[in-house]
Amino acid sequence: MIRRVSVRWRLVAWVTAVLLAGAAVVFVVVYENTGSELRGQIDHDVTGDASQLAQAMRTVGSDQPAKLYAAALHYLRSQPFTGASSLLFIDVPGQGTASNHPEVFGDSRPDDGESAADQQRENALGQRLLSAPLGLNTADVPDVGHVRFDQRLVSLSGITLRVGAGEPLVIVKRAQHSVARSFLIAGAIALLLALLASYLAGASVSLPLRRMARIAARVDEGDLQPRMHPPASAGSEMLILAEAFNHMLDRLSTAFDAQRDFLADASHELRTPLTVIAGQIEVLAAQDEPDPVEVKRVQRLISAEVARTSRLVDDMLLLVRSERGDFLQVQDIDLRAFIEDLWYAVGTTATRHFELENIASGTLTADPDRLAQALRNLIRNAIEHTAEPGGLVRMEVQSRPGGRVRFTVIDDGPGIPVEHRERVFERFHRTDDGRARVAGGTGLGLPIVRAIAEAHGGSVHIVPSETGGAVLRLELPGLLTAAAHRRPMRSGARD
């Protein structure tokens, strides 16, 4: 089982890794730069000391090696070697090497604590120094370590002297060790502070996520009331996350409330026909030899209730499918031909005064079956709220800017009260409950129209009418070629 690491510890790990990588790069740069700067300064110093030593020997003014050697000893004894001074030497042919650190170039007696072999090895190193290349070079000096030398030849009256000056490189090592020690101390402190700061930052970042997890757990248990309330000091990302999370919970709460209301309304609507059916069956069952006329009456009544229940179930299934992505089967529709065929088919279903005006011409991209169902529901609603035989039912089809088309269904019925104009698109809502039940309405016709309109990216709404009656407008996008033509098509009352 893989153990998952929390966000805060991941943040701590990333901050630590970045800090260590950055500190390592800075350390290497400072460490090497410190060594380079000090070595450059040492090269400058030993070059100056060697030039000064050569100039001092040129002032002796003697052509005898013994006098030159004596002058060299006198000069070098006045500048004894210490850890903070330069190591100087002058090699006089036939006389030996004078130095302010005589142990470098050989001693017959070993130092305290050294064997004869150690002394011989040190003498060999000293002699090797005298055969080193001229100019700047680094040599290993007994009891001193690595020394940076500048060696050159000086000719005096036919006598060639080898002079050299050097400074120990131990100062470079000490400086670099000091840099390393300082970096270790400062880095340890900075790392501790970074760990603490990153842990607190990670805790601050993950706090809204943990709060969201707790709220999600409560939602999983069925409680949709809690919401996230981040402090005002929270970052914009947390505010956006909280707002999106709260909006999601609001949508869930609304959806669950709508689902409960839908189930309650559906149960209520289904209970009525079932109660009627059960009651009529009990009436028949109570009779030993029921009258055939009574049986026929019960059969007609039960068939009507079954048909109404079937329509109700079909409408509820359609509303459920309207939320799916494959609800629509979109294709191009010849709008004029489509509306004319639909209108003439609807006109044969009732005795009303039907009028069709302002048919926009063009090609509409939509689902023809769903669009026909929505328009039939609008027309059926107008038919149900108008009187026969001369009640007015009129439809207008107009093109709108932006490639949209508007279907307007107008009737001269009692109209829809203002307080019901938005609620009529709610499931199972009726403005006249008794009349709708007698007519067999389910209260789902206009909600189906809204679902179809929204699935197409359109809308449906009720607008005020100056002449009375109801005016319902369905507006959809997707009119590819719009050219409105006024073509009145009037028909009288139809049987």
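Our structure's up above, just so we're on the same page.
Attention in this report is confined to the structure presented alongside it. From a predicted model like this one, the values you see are computed outputs, not experimental measurements.

What counts and how
Residues numbered from 1 in each chain as written. Predicted model: local features only at pLDDT ≥ 70, side-chain atom pairs only at ≥ 80, totals over all residues. Heavy atoms only, no water. Helix = DSSP H or I, 4+ residues; strand = E, 2+ residues; numbered from the N terminus. Buried < 20%, exposed > 50% of the residue type's maximum accessible area, 1.4 Å probe, protein only. Contact = heavy atoms within 4.5 Å. Salt bridge = Lys/Arg side-chain N within 4 Å of Asp/Glu carboxyl O. Pairing = 2+ DSSP bridges. Axes fitted to C-alpha atoms, helices over the stretch in contact; angles between N-to-C directions. Phe/Tyr/Trp six-rings, centres within 6.5 Å; stacked < 30°, edge-to-face > 60°.

So, about the environment of His101. With respect to the secondary-structure elements, His101 resides in the loop between strand S2 (96-99) and helix H3 (116-130). You can call His101 buried: its relative accessible area is 13%. When the C-alpha atoms of His101 and Leu87 are compared, they prove to be 6.7 Å apart, with 14 residues separating the residues in sequence. Leave out the neighbours within four places in its chain, and His101 touches Phe81, Leu87, Pro142 and Val144.

Moving on, we get to the pattern of salt bridges. Inspection of every chain in the model, using the stated rule, returns eight salt bridges. Note that Arg394 and Glu396 form a salt bridge whose closest N and O atoms lie 3.6 Å from each other. Each member of the pair, Arg394 as well as Glu396, is classed as buried. Among the ionic pairs, Arg404 bridges to Glu475, the shortest N-O distance being 3.1 Å. Note that Arg404 is positioned in strand S10 (residues 404-411) and Glu475 in strand S12 (residues 471-477), a separation of 71 residues in sequence. For Arg404, a relative accessible area of 23% puts it in the partly exposed group. Given a relative accessible area of 13%, Glu475 falls into the buried group.

Quick look at the pairing of strand S4 (residues 145-156) now. A regular strand places its side chains so that they alternate between the two faces of the sheet. Note that strand S3 (residues 135-141) and S4 share seven bridges and pair antiparallel. Bridging from a neighbouring strand, Gly135 pairs with Gln151 of S4. Here S3 folds back onto S4 in antiparallel fashion, the turn holding three residues, of which Asp143 has a positive phi close to 65 degrees. One ladder, built from 10 bridges, connects S4 with strand S5 (residues 159-168); its direction is antiparallel. Bridging across to S5, Gln151 finds its partner in Gly164. Here S4 folds back onto S5, and the loop between the two strands holds two residues, one of which, Ser157, carries a positive phi near 50 degrees.

Once that is clear, we can look at the sheet that holds S4. Spatially, five strands are ordered S2-S1-S5-S4-S3 in an open sheet, and the strand pairing comes out antiparallel. Two strands close off the open sheet at either side, each with one partner strand: S2 and S3. Averaged over all adjacent pairs, the angle separating strand axes in this sheet is 30 degrees, with direction ignored. Here five bridges tie strand S1 (residues 87-92) to S5, and the two strands are oriented antiparallel to one another. Residue pairing for S5: Leu87 is matched across the bridge by Gly166.

Scanning the model with the defined rule gives four aromatic pairs in all. Aromatic pair Phe27 and Tyr31: ring centres 5.4 Å apart, planes at 40 degrees, arrangement tilted. One end of the pair, Phe27, and the other, Tyr31, are both in helix H1 (residues 7-58), four residues apart, so they sit about a helical turn from each other. A relative accessible area of 26% means that Phe27 is categorised as partly exposed. Consider the rings of Phe27 and Phe183, whose centres lie 5.4 Å apart with planes at 70 degrees: the pair is edge-to-face. Residue Phe27 is located in helix H1, and its partner Phe183 is located in helix H4 (residues 170-220); the two are separated by 156 residues in the primary sequence. Among the residues examined, Phe183 registers a relative accessible area of 27% and is labelled partly exposed. Put simply, the rings of Phe27, Tyr31 and Phe183 pair up and form one aromatic cluster.

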